[in-house]
Amino acid sequence: MNSNTPKIKASVIENLGAVRAMIKRHKRNDILFATIGLVAIMFGLLALLTLFVDLVMDGYPRFNLQFFSDFPSRRAGSAGLLSAWVGSLLVMLVTFLTAVPVGVAAGLYLEEYAPKNWFSDLIEINVSNLAGVPSIIYGLLALGLFVYGLNLGQSILTAGLTLGLLILPIVIVSTREAIRSIPVAIREAAYAVGATKWQVVKDHVVKYSQGGILTGVIIGMSRALGETAPIITIGALTFIAFLPPSPVTTEVPFINFEWLSSSFTVLPIQMFNWLSRPDHAFHINAAATGAIIIIVTLLMNGTAIWLRYKIRKNIKW
Amino acid sequence: MISAANKVPKNYSAAVTESTTVSPRLAKNVQRHFKERIIEFVLMLAALSAVFTTFAIVAILLYESLGFFKTVSIVEFFTAKEWTPLFEDAHYGIMPLVAGTLTTSAVALAVAIPIGTVAAIYLSEFASHRAREIVKPILELLVGVPTIVFGYFALLFVTPILQKLYPELPGFNMLSAGIVMGIMIIPYIASVAEDAMRAVPMSMREGSYAMGATRFQTAIRVVTPAAVSGIVAAYILGISRAVGETMVVAVAAGQQPNLTFDPTEGAATITAYIVQVAMGDLPHASIGYQSIFAAGLVLFAMTLGFNILGHIVRKKYREQY
């Protein structure tokens, strides 16, 4: 190297033009790549924007209140979403009630209670593996376990439990991340005034991590809302022209649980059903449904991302 | 560490309850201690639900597949060239479904890997801080778009365009399903790969710049090789997602099992087959019913393999610096 340096120096001076050309070439490569990168990102974003605009434009004729208040029908023009959005709402309720308590509790255990040994490793590995299992496998689990094993039937309860299991890893992971950012000093202060472990966890750890947990819950719920495959697998019907019994009644005790065992359909399944028909009139309904699902899930995800951003900015421990 | 401050000796509560003259304050302590143990137990049960789910998945898949393999020999399952479990003349060769799955995934990766990687390099090495702060959340947002919507896109937007370019393309084909699946996976690969590249220490870039390298040279010859295991892990997770993806292929690739690797043909994937059978009302415990679990087992094994591989590769990269 050392013996070469003067030679190189000499050759640089001799070939100044060539060196300048090389520098120019490299600078051009920089700009070239920056352009390609920008195009790549734009391609991804534009493809998705196109998708959304396409959906809204195709589905535009069906954006009216009647679309929400009509049952599905054999005639595309008068078919509506009523049973689908009510079904989605009820399924999401069950999903929320199962995934959130179990997921938060599991996150708390792993972060605050679990001893560091093979046992908690086992749970950890399981949680991360479950996050990578394709959703349709959850559908097979539900078909074998809930529908035929526990005889819950092809009901709202089964669907809610299935989606609850599906989003459990998301809730657990986000709970743990939220808890991990709370400094030990907070816990020590609570212990110092005589709080028990549970009091520390309940009044301090959970309280300060609420925002982070909520972020995970919203992302999980939006995933559950758009999920189709596991619900088809448990055998949800695609043509439902009735509503499940109302969860709220006019008589004492004002609530009933019959709706849990009712058949149902959900928005993505209704969309799938309309999409798989050859008649183009139904495709318009599918587009309108797709636009609605996208708007709702994007709003949910947007809220979650905004919430996370806000929390990250506001925390001053 | 924290719990040490709060821990009570094991025989403490027993000793206190045995003595007859317990001060009210001590009794309250015992009660508190007992309540604490119950709460810990309940929380542990919740955490165990993850283990339970995994075991339940494996148990159900194995149990129903065992019933399937009583009728069908494993050799036939992996070597026969036709998959027609619901026909009179039933054949049980999983290969056509595996071929469909691999072909659509390959098309998806051919789209997602180049674009995702370039996007990641751009975001990590070229984009301004501000641009990154805007694009990153959008990428995250896009990961949440429901897959059935992509199915619509593949069937009614991409296929007609491709048919204009290539008129003999059938209405159901693996090409458009794969392309759309690739678009779907781009944000995912870009986001994970970008995280890996950002984890490369700044001093390595500074060293490269100090030698007179340009941004492009630094990105390609220094940062990318340093982050390669993280980037590869992103690819592997992308593969795993493509293999398990259901709705796009169920809508746009067709549902005819077809032993071909030609993406311009229609074919069924493992996931599309499961959807197709689940839509029809198959009697419980019939061979058709069991066949979806056998197919599911193959799918589960494939994705599990990719996930474990991704995990190993990522772990390796974590130890690098």
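Rules of the game
- Residues numbered from 1 in each chain as written.
- Chains lettered and ligands numbered in written order.
- Predicted model: local features only at pLDDT ≥ 70, side-chain atom pairs only at ≥ 80, totals over all residues.
- Heavy atoms only, no water.
- Helix = DSSP H or I, 4+ residues; strand = E, 2+ residues; numbered from the N terminus.
- Buried < 20%, exposed > 50% of the residue type's maximum accessible area, 1.4 Å probe, protein only.
- Contact = heavy atoms within 4.5 Å.
- Rg over C-alpha atoms; globule rule 2.2 N^0.38 Å.
- Areas by Shrake-Rupley, 256 points an atom, 1.4 Å probe, with all protein chains shown as cover.
- Lys, Arg positive; Asp, Glu negative; His and termini not counted.
- Charge placed at Lys NZ, Arg CZ, Asp CG, Glu CD.
- Buried area = accessible area lost by both parts, 1.4 Å probe.
- Polar contact = N/O pair within 3.5 Å; in protein donor to acceptor, adjacent residues only side chain to side chain.
- pLDDT = per-residue confidence, 0-100.
- Phe/Tyr/Trp six-rings, centres within 6.5 Å; stacked < 30°, edge-to-face > 60°.
- Core = buried A, V, L, I, M, F, W, Y, C linked by side-chain atoms within 4.5 Å.
- 1 Å grid on protein atoms, 1.4 Å probe; cavity = no way out; pocket = protein on both sides within 12 Å on 5 of 7 lines; lining within 4 Å.
- Points joined across faces, edges and corners; volume = space filled by probe spheres on them.
- Nonpolar A, V, L, I, M, F, W, Y, C, P; charged D, E, K, R; others polar.
- Salt bridge = Lys/Arg side-chain N within 4 Å of Asp/Glu carboxyl O.
- Patch = residues over 30% accessible without salt bridge, like charges linked within 9 Å, V, L, I, M, F, W, Y side chains within 5 Å.

A.B. asks: Let's hear about the overall build of chain A: which residues, and what values?
C.D. replies: Helix and strand counts for chain A stand at 12 helices and 0 strands. Its helices and strands taken in sequence order, chain A reads α-α-α-α-α-α-α-α-α-α-α-α from the N to the C terminus. By the burial criterion, 49% of the 317 residues in chain A qualify as buried. Pairs at least 24 apart in sequence give 75% of the contacts found in chain A among residues at least 6 apart.

A.B. asks: Mind laying out the overall build of chain B, listing which residues take part and the relevant values?
C.D. replies: When you go through chain B residue by residue, the secondary structure sums to 14 helices and 0 strands. In chain B, the succession of α and β elements from N to C terminus is α-α-α-α-α-α-α-α-α-α-α-α-α-α. Taken against the 2.2 N^0.38 rule, which gives 20 Å for 321 residues, the C-alpha radius of gyration of chain B at 27 Å runs more than 25% over that of a compact globule. Counting only C-alpha atoms, chain B reaches 95 × 70 × 35 Å along its principal axes. Once local pairs closer than 6 in sequence are excluded, the contacts in chain B between residues at least 24 apart make up 71%. If you sum the accessible surface of chain B, you get close to 15100 Å²; carbon and sulfur atoms cover 65% of it. Positive and negative charge centroids in chain B, built from 22 and 20 side chains respectively, lie 17 Å apart.

A.B. asks: Requested: an account of the interface of chain B and chain A, with residues and values cited.
C.D. replies: Buried accessible area, meaning the area lost when the parts come together, often serves as the stated size of an interface. Taken together, the contact between chain B and chain A spans 75 residues of the former and 79 residues of the latter. A combined buried area of about 7100 Å² lies between chain B and chain A, and 79% of that area is made up of carbon and sulfur atoms. The tally of links between chain B and chain A comes to 9 residue pairs in polar contact (both at pLDDT 80 or more).

A.B. asks: Quick rundown of the confidence of the model for chain A? Include the residues and the values.
C.D. replies: Of the residues in chain A, 84% reach a pLDDT of 70 or more, and the chain-wide mean stands at 81. In the model of chain A, helix α3 (residues 65-69) of chain A stands out as the element of lowest mean pLDDT, 69, in contrast to helix α7 (residues 156-180) of chain A, which has the highest, 89.

A.B. asks: Would you mind going over the packing of aromatic side chains in detail, with residue names and values included?
C.D. replies: The final tally for this structure, using the stated rule, is 9 aromatic pairs over all chains. Aromatic pair Tyr-148 of chain A and Tyr-289 of chain B: ring centres 5.4 Å apart, planes at 85°, arrangement edge-to-face. Taken together, the residues Tyr-148 of chain A in helix α6 (residues 135-149) and Tyr-289 of chain B in helix α14 (residues 287-318) connect one chain to another. With a relative accessible area of 27%, Tyr-148 of chain A lands in the partly exposed category. An aromatic cluster of at least three residues, connected via ring pairs, comprises Phe-33 of chain A together with Tyr-122, Phe-126 and Phe-216 of chain B.

A.B. asks: Could you give me a rundown of the nonpolar core, with the residues and numbers involved?
C.D. replies: In terms of nonpolar packing, the biggest core is built from 178 residues, with Tyr-109 and Ile-137 of chain A together with Ile-270 of chain B touching the most fellow members. Looking at this core, the element that brings in the most residues is helix α4 (residues 82-113) of chain A, giving 16 residues. The residues contacting Tyr-109 of chain A, other than those within four sequence positions of it, are Ala-114, Pro-115 and Phe-119 of chain A together with Glu-40, Leu-43, Met-44 and Ala-47 of chain B.

A.B. asks: Residue-level account of empty space enclosed by the protein, with values.
C.D. replies: The final tally for this structure, using the stated rule, is 3 cavities of 30 Å³ or more. Lining the largest cavity are 13 residues, with Leu-143 of chain A together with Ala-278, Gly-280, Leu-282 and Tyr-289 of chain B positioned closest to its centre. Within the residue set of the lining of the largest cavity, elements represented by two or more residues are α6 of chain A together with α13 (270-279) and α14 of chain B. Here the residues of the lining of the largest cavity sort into 8 nonpolar, 4 polar and 1 charged. Along its surface, the second largest cavity is lined by Ala-40, Ile-41, Gly-44 and Leu-45 of chain A together with Ala-119, Leu-123, Leu-139, Leu-142, Ile-186, Pro-187 and Ala-190 of chain B. Looking at the lining of the second largest cavity, the elements that each hand over two or more residues are α2 (16-59) of chain A together with α5 (95-126), α6 (129-143) and α8 (174-198) of chain B. Here the element with the most residues in the lining of the second largest cavity is α2 of chain A; it accounts for 4 residues. Across the lining of the second largest cavity, the residue classes tally to 10 nonpolar, 1 polar and no charged.

A.B. asks: Run through the side chain of Thr-228 of chain A, naming residues and quoting values.
C.D. replies: Within the fold, Thr-228 of chain A resides in the loop between α9 (197-226) and α10 (229-233). According to the relative accessible area criterion, Thr-228 of chain A is buried, its value standing at 0%. Among residues more than four places away in sequence, those in contact with Thr-228 of chain A are Pro-268 and Ile-269 of chain A together with Ile-148 and Met-247 of chain B.

A.B. asks: Run through the pattern of salt bridges, naming residues and quoting values.
C.D. replies: All names here are of chain A. A full pass over the atoms with the stated rule returns 9 salt bridges over all chains. Measuring nitrogen to oxygen at the nearest pair gives 2.8 Å for the salt bridge that ties Glu-111 to Arg-176. In this pair, Glu-111 sits in helix α4 while Arg-176 sits in helix α7, placing the two residues 65 residues apart along the sequence. Exposure remark for Glu-111: the relative accessible area of 24% places this residue in the partly exposed category. Residue Arg-180 is joined to Glu-111 by a salt bridge in which the shortest nitrogen-to-oxygen separation is 3.2 Å.

A.B. asks: Explain a nonpolar patch on the surface to me, using residue names and the numbers behind them.
C.D. replies: All names here are of chain A. On the surface, a nonpolar cluster with roughly 560 Å² of combined accessible area is contributed by Leu-38, Met-42, Leu-46, Leu-49, Val-53 and Met-57. Position of Leu-49 among the secondary structure elements: in helix α2. A relative accessible area of 49% places Leu-49 in the partly exposed class.

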